[in-house]
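Breakdown of the fold
Here's the letter readout for the chains.
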Amino acid sequence: MTAKAHTAPALERGYARLGVLLIAPVIVVFSLVIVYPLLAAIYLSLFQIYTPTLQGSFVGVDNYMDLLTRRAFWSSLWVTLVWTFGTLSLQIVCGVGVALLLHQNLWFRSLARSLVLFPYFLSTVVAVLVWRWLFNDLYGALNHGLMQIGLIDMPVDWLGSMPNAMIGIILVGAWKYFPFVVIAVLARLQTIPEHLYEAAKIDGAGPIARFWDVTLPQLRSVLTVIILLRAIWDFKEFDLIYLLTGGGPVTSTQTLALLVYQEAFALNEMGRAAAYSVGMMLVMLVFMIVYVRHSGREG
Amino acid sequence: MKLLRTVAFNLFTWSLVLLIAFPLIWMVLTSLKPQTELFRIPPTWLPQSVTFEHYWRLLTETPFLIYFRNSVVLATATTLFVVTLGTVGAYSLVRFRYRGRETLALLVLFTYLLPSVVLIIPLYLAMVWLGLSNTLMSLVLAHTTFALPYALWLLRSFMEGVPEDLESAALVDGATRMGAFKDIILPQLLPGIISTALFTFILSWNEYLYALVLVNTDSVRPLTTGVMSMLISAFNIEWSLLMAASVMMSVPLIVVFAFLQSYLTRGFGAGGVKG
């Protein structure tokens, strides 16, 4: 008995050591591919670096002065906010609506769910190719469809002019990402106890009143998480916008992620690009802290 | 009356579902149309003659198969690397007590939300310096930056769902921690591992930005940048060929959807939303 009492703390210590040993590979890889590049980005933002030769000189906070005084960063920030707000609200409205429909008794419900979920898992490249073909001004199905219904009488230039280009990316973004909202809301809908609805029915609440008074309050916590997560992901979206419009016409759909890429690999200003990326990260940090604190509270 | 309501509801919902799925249906239809039929005004909604020539040309006349092979190697390597590290790491984060554990979990969550464009400049410089640029290895390392936090976060939630008493019982019976991990935890965690592996594979399969910056020769290009380069390099955009490429590129996804969909929805519950 006494021997066992002696070994218990030793065992605990041994376990702790094993735990550290098991996490060590993760820490090493993390430091190499994430922590080091993150610190390097901040370090690089103090230099002026010409991308093709990678030669550079120390310029201190000049890049950050550029960021504050030039229009590029601020107009891109505005574009990013417009895009994030537009596509996110559409995702939430469509997502909740479709989730409510798919929650009902529907013929071939699982097939309908698969069809709705598919775009989320599709490669952005595929989504963009398909939509660029749909948006095609001469032979695109969208213009012809809209003309056949009679909504427009001339083919619309979808991606080459404003505000159509912004509407276009917001639309494709919503189509690609609203299934995320559908899955999350559907999962939550299934856990709402049936007796809440019955109680509301007895109190004489119609379907619309039941949605506002029972469903929506029950969805509140999951919607908060969805909105935070999707806001962060939409804010940093690169592929979809870059491939659809490339930031154009001119810079009207150039979000911050595109601006960083443009500075680094088209204008060859790697140091300034690093400064912009740090600026972008600082803006995102606000959302990230809110999300991390929120999920910490939930956990 | 009730029947009428049911029929109306089903018709309405299904037309909405088909509207959402229309771009995908259109992709398949376009890939089956002969090139000449594409440029009809007004367009034919259903193909008048069905042809597989675009698929044939894709496989024989373009580097599509090379891109496909690269994507398979890249996504498989990333998944194996990340899921192995992640499973062992998640075991440590959930079932062991040591200092810094909580901070580490928080750090994982932060990196999970980090934008790729912040890391891409230093990673590009590092790959050039290491002589790894234009290799699949550089892409595996780059994909680790988003796949590892993601897998770790998912696996951590799955690990929390594995009951602790079975492991304790095995330990009382004289098993070592690693023995219990192998015999008790791993079998119970398997569905979670499968679902994490699927998500990681899809993430890596679909990734575009790192492939754009780190790789620029056809022999190592994955599908995402490869297929896009077919669009850009073509003088005359061959939409039916591109749609055939899009369909082929989505094949692994269709397979996952047809046979393993429950694993995808499970992964959602664990990591995507609960946070």
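Residues numbered from 1 in each chain as written. Chains lettered and ligands numbered in written order. Predicted model: local features only at pLDDT ≥ 70, side-chain atom pairs only at ≥ 80, totals over all residues.

1. Description of the overall build of chain A
To keep things clear, this is the line we draw: Helix and strand labels come from DSSP, where a helix needs a run of H or I of at least four residues and a strand needs a run of E of at least two; each type is numbered from the N terminus. In this scheme the burial state of a residue depends on its C-beta neighbours within 10 Å: 20 or more other such atoms mean buried, 12 or fewer mean exposed, and anything in between means partly exposed; the C-beta positions come from the backbone.
Helix and strand counts for chain A come out as 12 helices and 2 strands. Projected onto the principal axes, the alpha-carbon positions of chain A cover approximately 70 × 70 × 30 Å. With 299 residues in all, chain A has 39% of them scored as buried.

2. Focus: the pairing of strand 1 (residues 47–50) of chain A
Note the threshold: DSSP bridges decide pairing: two strands pair if at least two such bridges lie between them.
As judged from the 4 bridges shared by strand 1 of chain A and strand 2 (residues 55–58) of chain A, these two strands associate in the antiparallel manner. Bridge pairing in strand 2 of chain A links I49 of chain A to G56 of chain A.

3. Things to note about the domain arrangement of chain A
As a reminder of what qualifies: Domain start and end points were adopted from an automatic or database domain assignment.
When the domains of chain A are assigned, the result is domain 1 (2–44) and domain 2 (71–298). On a C-alpha basis, the centroid separation for the pair domain 1 of chain A and domain 2 of chain A is 38 Å.

4. Topic: the interface of chain A and chain B
Many descriptions give the size of an interface as the accessible area lost when the pieces come together. The following threshold applies: Once C-beta atoms are placed from the backbone, any two residues with those atoms within 7 Å are in contact. Residues are grouped as follows: nonpolar covers Ala, Val, Leu, Ile, Met, Phe, Trp, Tyr, Cys and Pro; charged covers Asp, Glu, Lys and Arg; every other residue, Gly included, is treated as polar.
Tallying the contact residues gives 70 residues for chain A and 71 residues for chain B. A total of 18 residues in the side of chain A that touches chain B trace back to one element, the largest contributor, which is helix 1 (residues 2–44) of chain A. Of the residues assigned to the side of chain A that touches chain B, the class counts are 59 nonpolar, 8 polar and 3 charged.

5. Regarding the environment of V256 of chain B
Residue and element names in this part refer to chain B. Here V256 lies in helix 13 (residues 251–259). The class for V256 is partly exposed, based on 17 C-beta atoms found within 10 Å. Spatially, the C-alpha atoms of V256 and F68 are 17 Å apart, while their sequence positions differ by 188 residues. Apart from the residues within four sequence positions on either side, V256 is in contact with L198 and L264.

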